[in-house]
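Residue-level listing of the chains:
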Amino acid sequence: MIFGIGCDLCDIDRIKKANERFFIRCFTPAENELFVRKKNRFETAAANFAAKEAFSKALGMGVCGFALSDVEVLRSETGKPFIKLYGNAEKLCRDRGINGIFVSLSHTSDIAVAYVVLEL
């Protein structure tokens with residue numbers, strides 16, 4: 001059964017203008033390593049940021065009660081995105097009985113989009 005669905009868009013130019021403090025505060029070390037490896041660093045970071053916001057919308061509470069860095073967005077060996085939770089984000093999902101997280105990412109040269117579905 002679906003608990004919630006979230007969608008978010010992120011302007012890639014906004015991410016390009018962000019300073020390193022933003023990357024350290026909002027993303028995990030593994031995500032920042034991913035951005036360095038990707039040739040489209042800012043597009044990837046914007047998609048990850050959109051996924052974090054989409055996750056918060058699917059949870060139904062916005063970014064409240066957890067840090068953005070509690071939500072880690074990585075890629076499998078085949079490139080499929082997945083979300084791994086830490087800290088309060090993990091606890092909030094566990095307390096609500098959420099057992100599955102599905103994420104889809106895409107971007108153009110200007111904007112990134114993410115969809116997140118939380119499953120009970």
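Scroll up to find the structure.
(A) The pairing of strand E4 (residues 100-107), seen in detail. Two elements, E4 and strand E5 (residues 111-119), share eight bridges in a ladder whose sense is antiparallel. Among the inter-strand pairings, Gly100 is bridged to a residue of E5, identified as Glu119. Counted between consecutive antiparallel strands, the loop separating E4 from E5 contains three residues.

(B) View of a nonpolar patch on the surface. A cluster of nonpolar side chains, Met1, Phe3 and Leu120, forms an exposed patch at the surface whose accessible area comes to about 310 Å². Its place among the elements puts Leu120 in the segment after E5. Take Leu120: its relative accessible area is 36%, and that puts it in the partly exposed class.

(C) Seen up close, the side chain of Asn48. Residue position: Asn48 is located in helix H4 (residues 41-59). Take Asn48: its relative accessible area is 0%, and that puts it in the buried class. Within the structure, the side chain of Asn48 is placed 2.8 Å from the side chain of Arg75, a separation counted as a polar contact. When residues no more than four places from it in sequence are discounted, the contact partners of Asn48 are Phe27, Glu31, Leu34, Phe35, Val73, Arg75 and Leu105.

So, how was this worked out
- Residues numbered from 1 in each chain as written.
- Predicted model: local features only at pLDDT ≥ 70, side-chain atom pairs only at ≥ 80, totals over all residues.
- Heavy atoms only, no water.
- Pairing = 2+ DSSP bridges.
- Helix = DSSP H or I, 4+ residues; strand = E, 2+ residues; numbered from the N terminus.
- Patch = residues over 30% accessible without salt bridge, like charges linked within 9 Å, V, L, I, M, F, W, Y side chains within 5 Å.
- Areas by Shrake-Rupley, 256 points an atom, 1.4 Å probe, with all protein chains shown as cover.
- Salt bridge = Lys/Arg side-chain N within 4 Å of Asp/Glu carboxyl O.
- Buried < 20%, exposed > 50% of the residue type's maximum accessible area, 1.4 Å probe, protein only.
- Polar contact = N/O pair within 3.5 Å; in protein donor to acceptor, adjacent residues only side chain to side chain.
- Contact = heavy atoms within 4.5 Å.

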